[in-house]
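Spelled out from the first residue to the last, the chains are:
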Amino acid sequence: MSELQLLDGRQLQLIDLLYATGSVTRAADQLGQSQPTVSLWLARLREQLGDPLFVRTAQGMLPTPRTEALIGTVRSALAGLRSIAEAPAPFDPATMQRRFRIFMTDASHITLLPRLFSHVRALAPGIALEAAALHAGMAAELESGAADLALGFIPQLEAGFYQQTLYEQDWICLAHADHPRIRPRSFGLTDYSREAHAGIVQGTGAGLLDATVRRLQIERRVVLSIPGFLGLPAILSTTDLIATLPRHIGETLAAQAGLRVLPCPVPIPSFPVRQHWHSRFHQDAGNRWLRGVCAELFLKAPPPG
């Protein structure tokens, strides 16, 4: 069986224009080619398809029955090629109906999500957001399109993904506003080691804290471990425990619960809060819009708590 020879877009245009105009000269003008060039193209088409395709008559170039049978398919194919070549429709947040799924750290649910949702709700009432917890299959979901974006300190997504640093996080400590033994101006490592701590056991930043304390052999007496940040304000407001947190989530919780913010005497490395997305969706109009919103809201400095 001989190899199938496919027609290209230029050949399809020639058939369509000859059918519409009945003139090689007018077809050449619309194609921006000379008449001899178009005549050569037509000769090759006739040989390739094994049919004259158009016959010269007193009424001009008239199509053969083979061309009459083909013209609908030719025009459908051209419409498909034009659709492929056209730029995608612009993403209009005011009218778009779409759901975005965003992986977020536990802290980001408290610090970033409220402001992000309020902003999106005001600009795009048809847009829905879904905040998803971090898990081992995030990379596959971002690649497949089951999720659109990941926000936070997520080192496991640094390789193979686009990423943008939004801001850097350092560390602070929190305590009851009327803690009986702590004075903000003199709070140091001795106080830190003496007091009892509430510790967050989950979250990507917790590993940095634990590793630093072990490396520097600093005593940190954790008497209460909790999996997330939601219960922490109530605990610190009713006990003499202290907690060590990234600054943004710490200041947010302190403002909500009237807690005292203390400088962290332990030199824990700062870390970047980033947005991550897969290369498949780098040019997707909706994904680009969502990333732009996050950059507008959070780039360079965390939003106020």
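Asker: If you had to explain the sheet that holds strand S6 (residues 162–169) to someone new, which residues and values would you point to?
Answerer: What the five strands build is an open sheet, ordered S4-S3-S5-S12-S6; its pairing is mixed. Taken across any chain shown, the strands that pair with only one partner, and hence form the sheet edges, are strand S4 (127–133) and S6. Taken over all neighbouring pairs, the strand axes of this sheet differ in orientation by 25 degrees on average, direction set aside.

Asker: An account of the packing of aromatic side chains is needed here, citing residue identities and associated values.
Answerer: By the definition in use, this model includes six aromatic pairs. Arranged with centres 5.4 Å apart and planes meeting at 35 degrees, the rings of Phe 91 and Trp 289 form a pair that is tilted. Taken together, the residues span a long stretch of sequence, with Phe 91 in the loop between helix H4 (65–85) and strand S3 (98–104) and Trp 289 in helix H12 (residues 285–298) at a distance of 198 residues. Counting every residue linked through ring pairs, the aromatic cluster contains Phe 91, Phe 100 and Trp 289. The side chain of Arg 10 reaches across the aromatic face of Trp 41, ending 4.2 Å from its centre.

Asker: I'd like a description of the pattern of salt bridges, backed by residues and values.
Answerer: The tally for this structure, following the rule as stated, stands at 12 salt bridges. Salt bridges linked by common partners bring Arg 181, Asp 191, Arg 194, Glu 195 and Asp 240 together as one network.

Asker: Please set out helix H11 (residues 247–257) residue by residue, giving values where relevant.
Answerer: Because each turn of an α-helix spans 3.6 residues, side chains separated by three or four positions end up pointing in the same direction. Where H11 is concerned, the buried positions are His 248, Ile 249, Gly 250, Thr 252, Leu 253 and Ala 254. Taken together, the buried residues of H11 touch helix H5 (106–111), S6, strand S7 (171–175), helix H10 (232–238), strand S10 (243–246) and strand S11 (260–263). Taken from the residues just after H11, Gly 258 is the one with a positive phi, measuring 65 degrees.

Asker: I'd like a rundown of the environment of Leu 123, residues and numbers included.
Answerer: On the secondary structure map, Leu 123 appears in helix H6 (residues 113–123). With relative accessibility at 41%, the residue Leu 123 sits in the partly exposed group. If we ignore the near neighbours within four places in the chain, the residues touching Leu 123 are Pro 93 and Ala 94.

Asker: Describe in detail unusual backbone geometry, supporting the description with residues and values.
Answerer: In the Ramachandran plot, Leu 53 falls in the positive-phi region, its phi being about 70 degrees despite a non-glycine side chain. Locating Leu 53 in the fold gives a position in the loop between helix H3 (35–49) and strand S1 (54–57). Unlike most non-glycine residues, Gln 217 shows phi in positive territory, near 55 degrees. As for its placement among the helices and strands, Gln 217 is situated in the loop between helix H9 (206–216) and strand S9 (221–226).

Asker: Summarise the pairing of strand S12 (residues 271–277); cite the residues concerned and give the values.
Answerer: Of all the seven residues making up S12, seven are buried; the element is thus mostly covered by neighbouring parts of the structure. Burial along S12 is two-sided: the face carrying Phe 271, Val 273, Gln 275 and Trp 277 and the face carrying Pro 272, Arg 274 and His 276 are both buried. In this structure, strand S5 (residues 149–152) lies alongside S12, joined through three bridges in antiparallel fashion. Within S12, the position partnered with Gly 152 by the bridge is Arg 274. The pairing of S6 with S12 spans seven bridges and is classified as antiparallel. Bridge pairing links Gln 164 to Gln 275 in S12.

Asker: Would you mind going over the packing of helix H1 (residues 9–21) against helix H2 (residues 24–31) in detail, with residue names and values included?
Answerer: Here H1 crosses H2 at 130 degrees, and the two axes come no closer than 9 Å. Overall, the two elements H1 and H2 adopt an arrangement that is oblique. Once H1 is placed against H2, the crossing between them reads as right-handed. Side by side, H1 and H2 meet where Gln 13, Leu 14, Leu 17, Leu 18 and Thr 21 of the first sit next to Val 24, Arg 26, Ala 27, Gln 30 and Leu 31 of the second.

Asker: Got a sec to walk through the side chain of Arg 101? Specific residues and values, please.
Answerer: As for its placement among the helices and strands, Arg 101 is situated in strand S3. Note on Arg 101: relative accessible area 17%, which makes it buried. A distance of 2.2 Å separates the side chain of Arg 101 from the side chain of Glu 141, its partner in a polar contact. When neighbours within four sequence positions are excluded, Arg 101 is seen to be in contact with Glu 130, Ala 132, Glu 141, Ala 146, Ala 147, Asp 148 and Leu 149.

Calculation criteria
- Residues numbered from 1 in each chain as written.
- Predicted model: local features only at pLDDT ≥ 70, side-chain atom pairs only at ≥ 80, totals over all residues.
- Heavy atoms only, no water.
- Pairing = 2+ DSSP bridges.
- Helix = DSSP H or I, 4+ residues; strand = E, 2+ residues; numbered from the N terminus.
- Axes fitted to C-alpha atoms, helices over the stretch in contact; angles between N-to-C directions.
- Phe/Tyr/Trp six-rings, centres within 6.5 Å; stacked < 30°, edge-to-face > 60°.
- Lys NZ or Arg CZ within 6 Å of the ring centre and 35° of its normal.
- Salt bridge = Lys/Arg side-chain N within 4 Å of Asp/Glu carboxyl O.
- Buried < 20%, exposed > 50% of the residue type's maximum accessible area, 1.4 Å probe, protein only.
- Contact = heavy atoms within 4.5 Å.
- Parallel < 35°, antiparallel > 145°, perpendicular 65-115°, else oblique.
- Left-handed = near helix turned anticlockwise from the far one by under 90°.
- Polar contact = N/O pair within 3.5 Å; in protein donor to acceptor, adjacent residues only side chain to side chain.

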